[in-house]
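This is what each chain is made of:
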Amino acid sequence: QRVITAQTPGGTGALRIAGEFIKKFCPDARIWLSDPTWSNHQSIFQSIGFETAIYPYYNYDNKCLLFDQLIETLSNIPKGDVVLFHACCHNPTGMDPTPDQWQIIAELTQEKGFIPLLDFAYQGFARGLEEDTSGIRAFDWEGCEIFVASSYSKNFGLYNERIGALSMICADSVAAENALSHIKATIRANFSNPPAHGSLIVTKILEDIQLTKLWLQELTLMRERIISMRNLFAKTLKELNVKEDFNFITQQH
């Protein structure tokens, strides 16, 4: 009873509603974005009136996560600021924290008191539908209150239907009920209510055991194909004696 969810026009709509909700109650907060991040993140939050800042994330030379620098920066972020994380399949680098690294990030978040907002655009495409929630679960285990912006454009193939959701994990059921009331008011002032068609497709699939099983099989097939193509690409370049090592591609999602 600590979780509330509202349907939104895609993951982008979820980020927008989260931003407006946060702006209402934390008007002086800054939004921290990874360097680099999805190009639209900055546009979304600056259009609401947020000041944005960046935290180090990716080492372009060594093709790896700048984890030590990331932790150092997070350690100095003021209480009440918002940090946007990519829950999996970091866009554009494809480099994700490990489950152990997520746990360290979550512990630091709880200690410092900044607000995590997770963009969950690619659930099911990194390691698996359940495995890709490791970051979100780490924050929950630490008792953090968090925002999750989910998209069903990729894992349900519903780009044109603009199906997404904003979820909040709150401290308790009372906080969740209050949050939902304000989320509804925010949505009412934006797009009033979301379209039904795409959400009915998702609902139909998830309410039917056989359809859910088929969907999971197809999602697994897509994920495994992407991974196999990455492996084949790196392997072929090596066989062709390309000097640069492209194995980093097999570590990205």
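The structure this text deals with has already been given above.
The rules behind each value
Residues numbered from 1 in each chain as written. Predicted model: local features only at pLDDT ≥ 70, side-chain atom pairs only at ≥ 80, totals over all residues. Heavy atoms only, no water. 1 Å grid on protein atoms, 1.4 Å probe; cavity = no way out; pocket = protein on both sides within 12 Å on 5 of 7 lines; lining within 4 Å. Points joined across faces, edges and corners; volume = space filled by probe spheres on them. Helix = DSSP H or I, 4+ residues; strand = E, 2+ residues; numbered from the N terminus. Nonpolar A, V, L, I, M, F, W, Y, C, P; charged D, E, K, R; others polar. Axes fitted to C-alpha atoms, helices over the stretch in contact; angles between N-to-C directions. Parallel < 35°, antiparallel > 145°, perpendicular 65-115°, else oblique. Contact = heavy atoms within 4.5 Å. Left-handed = near helix turned anticlockwise from the far one by under 90°. Phe/Tyr/Trp six-rings, centres within 6.5 Å; stacked < 30°, edge-to-face > 60°. Buried < 20%, exposed > 50% of the residue type's maximum accessible area, 1.4 Å probe, protein only. Lys NZ or Arg CZ within 6 Å of the ring centre and 35° of its normal. Salt bridge = Lys/Arg side-chain N within 4 Å of Asp/Glu carboxyl O. Disulfide = S-S within 2.5 Å.

Considerations on the layout of surface pockets
- Looking at the largest pocket, its volume works out to about 470 Å³.
- Considering the residues around the largest pocket, the lining is formed by 21 residues, among which F120, Q123, T133, I136 and S150 are closest to the centre.
- Considering every element that reaches the lining of the largest pocket, the biggest residue donor is helix α5 (residues 134–141), with four residues.
- Classifying every residue of the lining of the largest pocket by side-chain character gives 12 nonpolar, six polar and three charged.
- As for the second largest pocket, its lining consists of 19 residues, of which I115, E145, I146, F147 and M168 are closest to the centre.
- Within the residue set of the lining of the second largest pocket, elements represented by two or more residues are α1 (10–25), α4 (99–112), β7 (115–120), β8 (146–151), β9 (163–169) and α6 (173–188).
- Of the residues forming the lining of the second largest pocket, the biggest block, three residues, is contributed by α1.

Brief notes about the packing of helix α7 (residues 197–207) against helix α8 (residues 209–239)
- At a minimum axis separation of 5 Å, α7 and α8 run at an interaxial angle of 105 degrees. One finds that α7 runs roughly perpendicular with respect to α8. Only I209, L211, T212 and W215 of α8 make contact with α7, whose side of the interface consists of K204, I205, L206 and E207.
- Of the residues contributing to the contact of α7 with α8, the split by class is five nonpolar, one polar and two charged.

Let's talk about the packing of helix α3 (residues 67–74) against α4
- Contact geometry of α3 with α4 gives a least axis separation of 10 Å together with a crossing angle of 10 degrees. As the angle between them shows, α3 and α4 are arranged roughly parallel. Considering how the two elements wind past one another, α3 and α4 form a crossing that is right-handed. Here F67, L70, I71 and L74 of α3 come into contact with α4, specifically with Q101, I104, I105, L108 and K112.

Regarding the packing of aromatic side chains
- Tallied over the full model, the rule gives 13 aromatic pairs.
- Each ring, one from Y55 and one from F85, has its centre 6.0 Å from the other, and the planes form 50 degrees; the classification is tilted. With Y55 in strand β3 (residues 51–56) and F85 in strand β6 (residues 82–86), this residue pair connects regions lying 30 residues apart in the sequence. For the pair formed by Y55 and F85, the shared burial category is buried.
- Summarising the aromatic geometry, the rings of Y58 and Y60 are spaced 5.3 Å apart at their centres and angled 85 degrees between planes, so their arrangement reads as edge-to-face.
- Overall, Y60 belongs to the partly exposed group, its relative accessible area being 49%.
- Ring pairs connect the aromatic residues Y55, Y57, F85, W102 and F139, which therefore count as one cluster.
- Here K23 stacks its cationic end above the ring of F50, 4.9 Å away from the centre of that ring.

Describing the pattern of salt bridges
- Going through the model one piece at a time under the given rule, you end up with four salt bridges.
- Note that D81 is salt-bridged to R30, the shortest N-O span being 3.4 Å. Of this pair, D81 sits in the loop between α3 and β6 while R30 is found in strand β2 (residues 30–35), placing the two residues 51 residues apart along the sequence.
- Exposure remark for D81: the relative accessible area of 6% places this residue in the buried category.

So, the state of the cysteines
- All chains considered together, the criterion is met by zero disulfides.
- Take C170: it sits in no disulfide, and the sulfur closest to it among the cysteines is that of C144, at 13 Å.

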